[in-house]
Amino acid sequence: MRTRPFPPWPVVTEDEKEAVMKVAESGRWGHILTPQAEQFRERFAEYHNVDYAILATSGSTALEIALRNAGIGSGDEVITPPTTWVATNLAPVMVGADPVFADVRPDTYCMDPDRIEEAITSRTKAIIPVHIGGYLCDMDRIMQIADKHGLVVIEDCAQAHGARYKDNVVGSIGHWGCFSFEKSKLMTAGEGGMVITNDENLSDSVFGILGADGEQAERIAEGRKNVGWNYRMTEFQVAILLIQLDRLQEQQNKRIDNAEYLKKRLLEIEGLEPLNQGVAQNYYSYVFRYDCAYWQDISKQRFMAALVAEGIPLFSTPSHQIPAYRSPYFHSPRKSYDKVYCPVAEKAFSEEAIGFQATWMLLGEKADMDDIVNAILKIRQNIEELL
Ligand SMILES: Cc1ncc(COP(=O)(O)O)c(C=O)c1O
């Protein structure tokens, strides 16, 4: 059906090349206290309408920084979803806490507030809702539950840059918001991360605002008790991310436009149902639910293989095909998650959920969206060949 590639990612223009060359020639390749880094932090904070934005080396370290600064540690429990990249679930482990899995809603694959409430124990200290693929968590209910039980909320926005939940950009609704700038993400510098918050204690926290060694000496001189650590980003990354922030809205609009078109066309096909789209979400992945009853009982895996054979790339990494608690990380002699079973997530991975990388595929034209739909229609017309 299709042999042409989808649009490339990352988008590289003269702006990126110029910005990187400027840093190269300046000879100032590192240290976070540069005017450019300050500018990026200020602009990112302003965009999210929060007081602080802290640069980090990755989305994983951003989550770790938020957890440490929120005082989460040994003996604590942190509620996380099974439908995420495993870094979300491992971040609590990195600070000595235990992740607890709460199942997701079938219409968004984001954590179900009812399941969060059921998972709360006397050891629960935090919740990490993940706006998975850019689909939006029910933040109103999650914040209500957190308020009621005195829990910290750390939004994992690694896949949702720029998405809006009601009047707020995601990351600014919980007490902390964490972002990744890894190569496939909606803003990218190859690697990188960011933490945002309104918490004024942040600057005197375990990792400090900057994790810069020079800073550390100053902080000790000021009588602050906490030391820093190296989670610094390079100046090259900052230069590129400033440009990416400028482009975020325009790219998001294009994805939303294509997603709405795709939804309309997919809804015409029986047995496929796009997930519940937010009004102004961003799309890291585009996901629809497959019901094999309408496809002569052909398994999701077989349907996906046929779609890939038609030239439509789909998610194929194991992280997107098993609930996170089944990952080898969670089967150690120290603590076993063997008995954890989240039915909605299990069904999503084994039977239902089909997704593709929207970061770049939704930056295509309507003709690219038509190719996706026409490939599906071709499978329908030739379904006997798959029996
Ligand atoms: C939902 C989610 N959380 C956390 C991370 C971790 O980000 P990073 O790869 O930058 O460490 C990722 C990215 O891979 C992610 O998709």
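Residues numbered from 1 in each chain as written. Predicted model: local features only at pLDDT ≥ 70, side-chain atom pairs only at ≥ 80, totals over all residues.

### A word on the site of the ligand
- Lining the immediate surroundings of the ligand are 14 residues, of which Ser-58, Gly-59, Ser-60, Ala-158 and Ser-180 lie closest.
- Every element with two or more residues in the shell around the ligand is listed here: α3 (59-69) and α4 (87-94).
- In the shell around the ligand, the residues fall into four nonpolar, eight polar and two charged. (Near = placed C-beta within 6 Å. Helix = DSSP H or I, 4+ residues; strand = E, 2+ residues; numbered from the N terminus. Nonpolar A, V, L, I, M, F, W, Y, C, P; charged D, E, K, R; others polar.)

### Looking at the sheet that holds strand β4 (residues 124-127)
- Spatially, the seven strands line up as an open sheet ordered β1-β9-β8-β5-β4-β2-β3, and their pairing is mixed. Single-partner strands in this sheet number two, and they are β1 (52-56) and β3 (98-101). Strand-to-strand twist across the sheet, computed as the mean angle between neighbouring axes with direction ignored, equals 25 degrees.
- Examined bridge by bridge, strand β2 (residues 77-80) and β4 share three bridges and lie parallel to one another. Bridging from a neighbouring strand, Val-78 pairs with Ala-126 of β4.
- The strands that helix α2 (residues 35-48) touches are β1, β8 (176-180) and β9 (193-197); relative to β1, the one it contacts most, it runs at about 130 degrees.
- Seen against the sheet, α4 touches β2, β3 and β5 (152-156) and runs at an angle of roughly 145 degrees to β3. (Pairing = 2+ DSSP bridges. Axes fitted to C-alpha atoms, helices over the stretch in contact; angles between N-to-C directions. Contact = placed C-beta atoms within 7 Å.)

### Focus on the packing of α3 against α4
- Between α3 and α4, whose axes approach to 9 Å, the crossing angle comes to 45 degrees. One finds that α3 runs oblique with respect to α4. For α3 against α4, the interelement crossing comes out right-handed. Residues Gly-59, Ser-60, Leu-63, Glu-64 and Leu-67 of α3 lie in contact with α4, whose contacting residues are Ala-87, Thr-88, Ala-91, Pro-92 and Met-94. (Parallel < 35°, antiparallel > 145°, perpendicular 65-115°, else oblique. Left-handed = near helix turned anticlockwise from the far one by under 90°.)

### Description of unusual backbone geometry
- With an omega of 0 degrees, the peptide bond between Trp-9 and Pro-10 qualifies as cis.
- Within the secondary structure, Pro-10 sits in the segment before α1 (14-26).
- The phi angle at Asn-49 is positive, at roughly 55 degrees, despite the residue not being glycine.
- Assignment of secondary structure puts Asn-49 in the loop between α2 and β1.
- Overall, the presence of 12 C-beta atoms within 10 Å leaves Asn-49 in the exposed class.
- With a phi close to 60 degrees, Tyr-109 is a non-glycine residue in the positive phi region.
- What makes Tyr-109 buried here is the crowd of 29 C-beta atoms within 10 Å. (Buried ≥ 20, exposed ≤ 12 C-beta atoms within 10 Å, placed from the backbone.)

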